[in-house]
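Architecture and fold: a report
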Amino acid sequence: MKYEAIAITGPTASGKTGKAVGLASEISGEIISADSRQVYTGMDLGTGKDLEEYGDVAYHLIDIAPAGSKYNLHKYIQDFEKVYSDILERGKIPVICGGTGMYLENALSGIRLPEVPENPGLREKLEGKSLEELTAILESKKTLHNVTDVDTVKRAVRAIEIEEYYEKHPEEAEKSRRENAVPLHALIIGIDIPRDLRRERITSRLNQRLENGMMEEIRTLLSQGVKPEDLIYYGLEYKFLTLHAIGELTYQEMFTALETAIHQFAKRQMTWFRGMERRGFHIHWLPYDMPQEEFNARVLELAEG
């Protein structure tokens, strides 16, 4: 292969996990997840881990954080770098699979983020400030491209801590900038599925997961002490099923709102992928219904071409 890694992506319900596992099995590869919610333990049906599909194929960055915690892009990039390097050193092929565009794009871009230590003095100085005040401080230090850094006081303080560290260690800041990164030499495959069929599969999969116990999964997490607001924070299935579990939505209200939210999520995923292409990431789109053997052959043809 002329590539050192292969990435398989696509919108939710496109069947990318099965395709990635089938490919990894043939090429002695190992899966690196690029899914922002599959990192959490105990959150299985709602995140679509489908671990039974993996068989003997090794996978990474799944079940690495406790449910209720707040994993983020900074941590993902650090964990990704370790796993990616280890797979290459062992002579295996990394197969990156997932639909979280922000995680996937930043991993493929080659950005490397240093371990930033806590700053007790700064934390003491920021203690008691409102989220709005913290957001203003952070905005004075960098451009906010999304709200994930400022959705809670704790995360805003951490983001300010990181920016102050970069101010004092400019050489580390240089490594974290996209324009200074060395992109991974990766072949990117997108799973192409017609919009109408994608919508049908989303509804069918939602019904199946509810039948398989997704509501019970939510109740188990709540009984284990995970706070409702923490589950709601994760969005989609965890937001709407939790709202039903605590009595704020009827079952039908939950189902209707969740089905709509997943359709909107899939649309946002496709928007991100198109943005990636505009930003220079070439995605080879292959049909969702391409037989696995044919899919593997086409990917290998692209990888060796």
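Just above, that's the structure.
About the cut-offs
- Residues numbered from 1 in each chain as written.
- Predicted model: local features only at pLDDT ≥ 70, side-chain atom pairs only at ≥ 80, totals over all residues.
- Heavy atoms only, no water.
- Buried < 20%, exposed > 50% of the residue type's maximum accessible area, 1.4 Å probe, protein only.
- Helix = DSSP H or I, 4+ residues; strand = E, 2+ residues; numbered from the N terminus.
- Pairing = 2+ DSSP bridges.
- Lys, Arg positive; Asp, Glu negative; His and termini not counted.
- Salt bridge = Lys/Arg side-chain N within 4 Å of Asp/Glu carboxyl O.
- Contact = heavy atoms within 4.5 Å.
- Axes fitted to C-alpha atoms, helices over the stretch in contact; angles between N-to-C directions.

Most of strand S5 (residues 186-192) sits out of view: 6 of its 7 residues are buried. Two elements, strand S1 (residues 5-9) and S5, share 5 bridges in a ladder whose sense is parallel. Looking across to S5, one finds that Ile8 is bridged to Ile189. Across 5 bridges, S5 lies against strand S6 (residues 283-287) in parallel orientation. The residue of S6 that forms the bridge with Ile188 is Ile283.

This part is about the side chain of Lys19. Position of Lys19 relative to the elements: it lies in helix H1 (residues 16-27). Of the side chains with opposite charge, Asp289 comes closest to the buried, unpaired Lys19, at an N-O distance of 7.2 Å.

In an α-helix, one full turn covers 3.6 residues, which means residues spaced three or four apart are oriented alike. Among the 10 residues in helix H11 (residues 236-245), 8 count as buried, and that is most of the element. Residues Leu236, Glu237, Tyr238, Phe240, Leu241, Thr242, Leu243 and His244 constitute the buried set of H11. Among the structural elements, helix H8 (195-211), helix H9 (214-223), helix H10 (228-233) and helix H12 (251-278) are those in contact with the buried residues of H11. Immediately downstream of H11, the backbone of Gly247 shows phi near 85 degrees, a positive value.

A few words now on the sheet that holds strand S2 (residues 29-33). Spatial strand order, S3-S2-S4-S1-S5-S6: 6 strands in an open sheet with parallel pairing. The open sheet is flanked by strand S3 (59-60) and S6, the only strands paired with a single partner. Relative to the sheet, helix H3 (residues 101-109) contacts S1, strand S4 (93-97) and S5, its axis offset from that of S1 by approximately 165 degrees. Here helix H13 (residues 292-304) sits on the sheet and contacts S1, S5 and S6; the angle it forms with S5, its principal contact strand, is near 145 degrees.

Moving on: unusual backbone geometry. Even without glycine at this site, Asp50 takes up a positive phi of about 50 degrees. Here Asp50 is to be found in the loop between S2 and S3. The phi angle at Leu61 is positive, at roughly 65 degrees, despite the residue not being glycine. Relative accessible area serves as the criterion here: at 6%, Leu61 is assigned to the buried category.

A word on the pattern of salt bridges. All chains considered together, the criterion is met by 16 salt bridges. We note a salt bridge from Asp44 to Lys49, for which the minimum N-O separation is 2.9 Å. Here Asp86 ties to Arg90 by a salt bridge, and the two come within 3.0 Å at their closest N and O atoms. Looking at Asp86, the relative accessible area reads 32%, which means it is partly exposed. On the accessibility criterion, Arg90 (41% relative accessible area) is partly exposed. A cluster of three or more residues bridged by salt bridges with shared partners is formed by Glu118, Arg123, Arg158 and Glu161.

This next bit is on the environment of Pro117. Looking at the secondary structure, you find Pro117 in the loop between H3 and helix H4 (120-126). We classify Pro117 as partly exposed; its relative accessible area is 47%. Considering only alpha carbons, one finds Pro117 and Gly280, 163 residues apart in sequence, at a separation of 33 Å. With residues near it in sequence (within four places) discarded, Pro117 still touches Arg158, Glu161 and Tyr165.

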